[in-house]
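Residues per chain, in single letters:
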Amino acid sequence: MAIFNERINKVLRFLIEENYSSLENLSLLLDVPKQTVIRLTKHLCEKNYLVKLDVDVGLARNISVFQPTNTGIMFVIDVDEELPELREVSKVNATTIYHDLKLQQIRFKLEAQGYHSFQSSWHLTRLLRKRAEKAPKIPDYTCINPDGHKVAIEYERTIKTRKRY
């Protein structure tokens, strides 16, 4: 039961950071088979800790995307921790969802190499809006590499001009 609770906490914490994720990515996060994640997410949906949405991203089948509910957020955050604001998945463009899921896969590969302290552009943009500052072009992710340097990560589906970067 301790392993199950540890997985629940890890999934909910990750979803608070990332806003939402897919079965495949949660399987990578926990390093378990997809079937285990299906059982875990089903349990969390039944307890009203997660909400599941099927998103058509233009592939052969829809992708199941999971987002924490307020109950799930309250279950995992500390007493002194600020309540996070999450984007409603149903209001996010399917292309953006696919892009975010690919970025999460990049994150997992980099974490395995020692990168840490990932922060998505969505969180940075939201922080600047709270301060009433205009958000500049922010990379998809920022993180710290194993040498301690801050790194910016961009994932592009199409090649852009050099001027853009």
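Residues numbered from 1 in each chain as written. Predicted model: local features only at pLDDT ≥ 70, side-chain atom pairs only at ≥ 80, totals over all residues. Heavy atoms only, no water.

### A look at unusual backbone geometry
To keep it simple, the criterion reads: Note on conventions: DSSP H or I runs of at least 4 residues are helices, E runs of at least 2 residues are strands, and numbering of each starts at the N terminus. When accessible area is computed with a 1.4 Å probe and restricted to protein chains, residues below 20% of their type maximum are described as buried, those above 50% as exposed, and intermediate ones as partly exposed.
The phi dihedral of asparagine 48 falls on the positive side, at around 65 degrees, and the residue is not glycine. The residue asparagine 48 is located in the loop between helix H3 (34-46) and strand S2 (50-55) in this model. Overall, asparagine 48 belongs to the partly exposed group, its relative accessible area being 43%.

### What to know about the pairing of strand S6 (residues 150-153)
Operational definition: We treat two strands as partners when DSSP finds at least two bridges between them.
When strand S5 (residues 141-144) meets S6, the two strands line up antiparallel, connected through 4 bridges. Directly across from tyrosine 141, in S6, lies its bridge partner isoleucine 153. The turn joining S5 and S6, which pair antiparallel and follow one another in sequence, is formed by 5 residues; a positive phi near 90 degrees is taken by glycine 148.

### Here's the deal with the pattern of salt bridges
The line we're drawing: Salt-bridge detection follows one rule: a side-chain nitrogen of Lys or Arg within 4 Å of a carboxyl oxygen of Asp or Glu.
Inspection of every chain in the model, using the stated rule, returns 6 salt bridges. Between glutamate 88 and lysine 91 there is a salt bridge, with its nearest N and O atoms 3.9 Å apart. Accessibility expressed as a relative area gives 67% for lysine 91, which makes it exposed. Here the residues in one salt-bridge network are Glu17, Glu18, Arg107 and Glu111, joined through shared partners.

### Digging into the nonpolar core
The condition that has to hold: Among the buried residues, those of types Ala, Val, Leu, Ile, Met, Phe, Trp, Tyr and Cys that are joined through side-chain atoms within 4.5 Å form a nonpolar core. In this description, contact between two residues means that some pair of their heavy atoms is separated by no more than 4.5 Å.
In this structure, Val11, Leu26, Leu29, Leu30 and Leu44 are the most contacted members of the largest nonpolar core, which totals 21 residues. Here the element with the most residues in this core is helix H1 (residues 2-18); it accounts for 6 residues. For leucine 29, the contacting residues outside a window of four places in its chain are Lys10, Val11, Phe14 and Phe108. Tyr20, Val55, Val92 and Ile97 belong to the second-largest nonpolar core, a separate cluster that totals 9 residues.

### Some details on the sheet that holds strand S1 (residues 21-22)
If you trace the 3 strands from one edge of the open sheet to the other, you get S1-S3-S2, paired in antiparallel fashion. Each of the sheet's edge strands pairs with one partner strand only, and the pair in question is S1 and S2.

### Structural notes on the packing of H1 against helix H5 (residues 94-112)
Helix-helix packing is characterised by the crossing angle of the two axes and by the distance between the axes. Heads up, the condition is: Only the contacting stretch of a helix is used when fitting its axis, a line to C-alpha atoms as for every element, and angles between N-to-C directions run 0 to 180 degrees. Should an angle fall under 35 degrees it is taken as roughly parallel, and over 145 as roughly antiparallel, whereas 65 to 115 is taken as roughly perpendicular and any remaining angle as oblique. Here is the rule for handedness: rotate from the far helix to the near one, and if that takes an anticlockwise turn smaller than a right angle the crossing is left-handed, while a clockwise turn gives right-handed.
Here H1 crosses H5 at 120 degrees, and the two axes come no closer than 12 Å. Between H1 and H5, the angle is such that the two are oblique. As for how H1 packs across H5, the hand of that crossing is right-handed. On H5, the residues that touch Phe14, Glu17 and Glu18 of H1 are Gln104, Arg107 and Phe108.

### So, the side chain of threonine 69
Tracing the backbone shows threonine 69 in the loop between strand S3 (63-68) and helix H4 (70-76). Judged by relative accessible area, which is 14%, threonine 69 ranks as buried. Not counting the four nearest positions on each side in its chain, threonine 69 is found in contact with Asn48, Tyr49, Leu50 and Val51.

### Topic: the packing of aromatic side chains
Convention followed: Each aromatic pair joins two rings of Phe, Tyr and Trp (for Trp, the six-membered one) with centres within 6.5 Å, and gets the label stacked for planes under 30 degrees apart, edge-to-face for over 60, and tilted for any other angle.
Enumeration over the complete set of coordinates arrives at 3 aromatic pairs. Aromatic side chains phenylalanine 118 and tyrosine 141 sit 5.5 Å apart centroid to centroid with 80 degrees between the ring planes, which places their arrangement in the edge-to-face category. Of this pair, phenylalanine 118 sits in strand S4 (residues 116-120) while tyrosine 141 is found in strand S5, placing the two residues 23 residues apart along the sequence. The exposure class of tyrosine 141 is buried, given its relative accessible area of 2%.

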